[in-house]
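# Summary of structural features
Each chain is listed here by its residues.
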Amino acid sequence: MNFDEIIDRRGTHSVKWDMMEKIYGVPADSGIAMWVADMDFRPPAAVQKAVEDMAAHGIYGYFGDDRAYLDAIRWWMATRHGWEVEPDWIFTTAGLVNGAALCIEAYTKPGDGVVLMTPVYHAFARVIKASGRRVVECELVGEGGRYKPDFDAWDAQMTGEERLFILCSPHNPGGRVWTAEELRGVADFCKRHDLVLVSDEIHHDLVFPGHNHIPMPLAAPDILDRLVMMTATTKTFNIAGAHIGNVIIPDPTLRKAFAGRMMALGISPNSFGVMMATAAYSDDGAQWVDALLTYLDGNRRLFDEGVNAIPGLASMRLEATYLAWVDFARTGMEREEFLDRVEKQAQIAVNHGPTFGKGGENFLRFNIATPRARVAEAVERLQRAFRDLQ
Ligand SMILES: Cc1ncc(COP(=O)(O)O)c(C=O)c1O
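What counts and what doesn't
Think of each chain on its own: its residues are numbered from 1, step by step along the sequence as written. In keeping with the predicted nature of the model, local features appear solely for residues at pLDDT of at least 70, side-chain atom pairs appear and are counted solely at 80 or more, and the whole-chain, interface and lining totals rest on all residues. For side-chain calculations, the full set of non-hydrogen atoms in the structure is used, while hydrogens and water are omitted. Each residue's exposure class comes from its accessible area (1.4 Å probe, protein chains only) as a fraction of the maximum for that residue type: buried when under 20%, exposed when over 50%, partly exposed otherwise. A run of H or I in DSSP becomes a helix once it reaches four residues, and a run of E becomes a strand once it reaches two; helices and strands are each numbered from the N terminus. Any pair of residues with heavy atoms lying within 4.5 Å of one another is described as a contacting pair. Pairing between strands is defined by DSSP: at least two bridges between them are needed. To get an axis, a line is fitted to the C-alpha atoms, and for a helix only the part in contact is used. The angle between two axes follows their N-to-C directions and goes from 0 to 180 degrees. The salt bridge definition used is simple: a Lys or Arg side-chain nitrogen within 4 Å of an Asp or Glu carboxyl oxygen.

Considered for burial, the residues of helix α14 (residues 335-345) that qualify are F338, L339, R341, V342 and E343. Of the surrounding secondary structure, the elements contacted by the buried residues of α14 are α2 (20-24), β13 (348-349), β14 (351-352), β15 (363-367) and α15 (372-385).

Looking now at the sheet that holds strand β10 (residues 245-248). The strand order across the open sheet formed by 7 strands is β2-β10-β9-β8-β7-β3-β4, and the pairing between neighbours is mixed. Either end of the sheet is taken by a strand with one partner, and the two such strands are β2 (90-93) and β4 (134-139). With strand direction ignored, the average angle separating the axes of adjacent strands in the sheet is 25°. With 3 bridges joining them, strand β9 (residues 227-231) and β10 adopt antiparallel strand pairing. Bridged to M230 within β10 is V247. Packing of helix α11 (residues 252-265) onto the sheet brings it into contact with β2, β8 (196-200), β9 and β10, and relative to β2 it is tilted by some 25°.

With the rule as written, the count across this model stands at 27 salt bridges. Across the pair R10 and D8 runs a salt bridge, and its minimum N-O distance is 3.4 Å. By relative accessible area, which is 54% here, D8 ends up exposed. As a salt-bridge pair, K191 and D222 come within 2.6 Å of each other at their nearest N and O atoms. With a gap of 31 residues between them, K191 in helix α8 (residues 180-192) and D222 in the loop between α9 (216-219) and β9 connect regions that are remote in the sequence. We classify K191 as partly exposed; its relative accessible area is 40%. A relative accessible area of 36% means that D222 is categorised as partly exposed. Here the salt bridges share partners, and the residues they tie into one network are R9, K16, D38, D40 and R374.

So this is what it looks like as structure tokens:
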């Protein structure tokens with residue numbers, strides 16, 4: 001567990017490091033990759049061992065007998081999140097973007113509206129549009145440097161043609177851990193407008209001290225008949241390339257529709273993903289996550305202190321996730337100018353705010369899950385690039 005170790009990921013087919021020059025024009029040799037949400041750390045030793053054991057055996061046939069895997073998922077949800085899950089509620093998808101896409105197909109028709117709280121994780125809008133549904137953007141309100149829902153405004157936006165709500169809890173970007181009251185508000189909103197609620201809780205293990213993530217079924221047990229839960233090992237343990245996710249559906253009718261889409265598309269698990277996820281949901285995995293959170297908390301403080309010292313820049317205080325969301329509005333600069341300074345002068349590859357939907361226009365998202373020395377270097381480069389404001 002040496003999070004300070006600098007591991008060179010260049011030349012390893014890493015989208016984050018090997019595509020930043022092509023996509024953002026940030027030089028591969030001198031740039032810092034702070035975009036895509038994966039971490040520059042090795043996973044827990046137990047995960048590494050699971051892969052090594054498979055490689056040592058050297059047989060890569062079809063996966064079967066998922067009892068240990070389902071037990072591991074149930075153990076993790078019960079011990080880390082206080083949520084009891086039945087084995088037959090669990091579906092294994094090729095990740096959670098795949099899970100969200102399957103929900104869109106299972107619970108909506110082309111032309112239906114799918115509600116998002118924006119700005120929000122960009123892939124949701126991408127899959128909604130690609131499947132011929134409509135994105136309905138309900139904008140979050142920034143109050144005291146934190147995002148809040150605005151249910152009255154959102155009620156007024158509904159036309160009766162919306163069928164699904166995709167919630168991101170904790171929220172990416174902005175790092176909110178929604179309170180019990182806010183989650184209750186989302187559940188009531190879905191009831192009022194008769195929406196199926198997909199609660200994407202992929203960031204639920206990455207919650208900083210002082211904040212308490214509540215799984216949606218515990219916040220609103222009365223909406224299990226319209227709830228689909230999504231969780232995963234991939235963000236928590238940095239194994240996104242395993243492309244594996246848990247879609248957990250307590251209601252039998254929703255389950256049947258989802259199973260139908262899985263069947264129609266011929267989706268079945270990848271054995272590497274299952275073995276890695278089983279190993280991750282363990283005592284070893286739990287200790288690793290606890291250590292990771294302490295480390296990320298240090299990165300978050302260093303980044304926020306350095307960035308917020310630059311007049312005009314404001315990094316939202318993260319309650320969860322390692323995705324810092326920085327507002328450039330008060331620099332008074334056009335987007336092209338602050339982007340030019342971050343990408344060309346500081347040579348940092350970041351996610352662009354507008355891809356997250358309404359409200360993201362003046363923001364950039366920085367991934368701070370990298371060795372601390374690199375976070376410090378990024379902060380210094382930003383301070384130099386915006387020197388004239390100081
Ligand atoms: C909210 C959210 N959902 C899903 C994903 C991606 O999930 P997967 O890699 O399992 O498709 C991300 C990645 O950052 C995310 O932030």
